[in-house]
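Notes for the structure review
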Amino acid sequence: MADSRIDGFAAEVIYGDRGAVVVVLGEVDLVTGSAFRAALDDALDGSVRVEVDLRDTLFMDSCGVAALLAVHRRLGQAHEALVLRDPSPEVRLLLDVSGVALASETTIGFRT
């Protein structure tokens, strides 16, 4: 398990049978973006599926979207290789407006 913490932000990586889960708390922005990317990179080490739990992510800017898109590309854009779980309303709005996600009830899978 890897853990990145910066002033109200945390990204914890939990490894399991179905891949890695990155649990994100706080805001993903210019200040915390590098820690978010580092957590995603840790999750990618040896994992072919990454789930990102965004239920406690209060805000995300283009740094976070760019990091997610980079992971999506690295995973080969396979269906459900990158799953965004329970995004907060603020993050869901960003993803919808940016046009990078296809929303469902609780999971967002990136368009291929």
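Scroll up to find the structure this text is about.
Residues numbered from 1 in each chain as written. Predicted model: local features only at pLDDT ≥ 70, side-chain atom pairs only at ≥ 80, totals over all residues. Heavy atoms only, no water.

Next up on the list: the nonpolar core. Counting 28 residues, the largest nonpolar core has Val 22, Val 24, Phe 36, Leu 40, Val 50, Val 52 and Met 60 as its most contacted members. Where this core is concerned, the elements lending two or more residues are strand S2 (9-16), strand S3 (19-28), helix H1 (33-44), strand S4 (50-60), helix H2 (62-74), strand S5 (82-85) and helix H3 (89-98). Looking at which element gives the most residues to this core, the answer is H1, with six residues. Excluding its chain neighbours within four sequence positions, the residues that come into contact with Val 24 are Phe 9, Ala 10, Ala 11, Phe 36, Val 52, Asp 53, Leu 54, Asp 56 and Thr 57. (Core = buried A, V, L, I, M, F, W, Y, C linked by side-chain atoms within 4.5 Å. Buried < 20%, exposed > 50% of the residue type's maximum accessible area, 1.4 Å probe, protein only. Helix = DSSP H or I, 4+ residues; strand = E, 2+ residues; numbered from the N terminus. Contact = heavy atoms within 4.5 Å.)

With that settled, consider unusual backbone geometry. Despite not being glycine, Asp 86 shows a phi value in the positive range, around 45°. Locating Asp 86 in the fold gives a position in the loop between S5 and H3. The exposure class assigned to Asp 86 is partly exposed, which follows from its relative accessible area of 24%.

With that out of the way, let us pick up the pairing of S3. Sheet topology note: the S2/S3 ladder contains seven bridges and is antiparallel. Residue Glu 12 lies in a different strand from S3, and its bridge partner there is Val 23. Hairpin remark: S2 followed by S3, antiparallel, with two residues in the connecting loop. Sheet topology note: the S3/S4 ladder contains eight bridges and is parallel. Within the sheet, the bridge partner assigned to Val 21 lies in S4 and is Glu 51. Handedness of the S3-H1-S4 crossover: right-handed. (Pairing = 2+ DSSP bridges. Right-handed = clockwise from strand over helix to strand, strands pointing away.)

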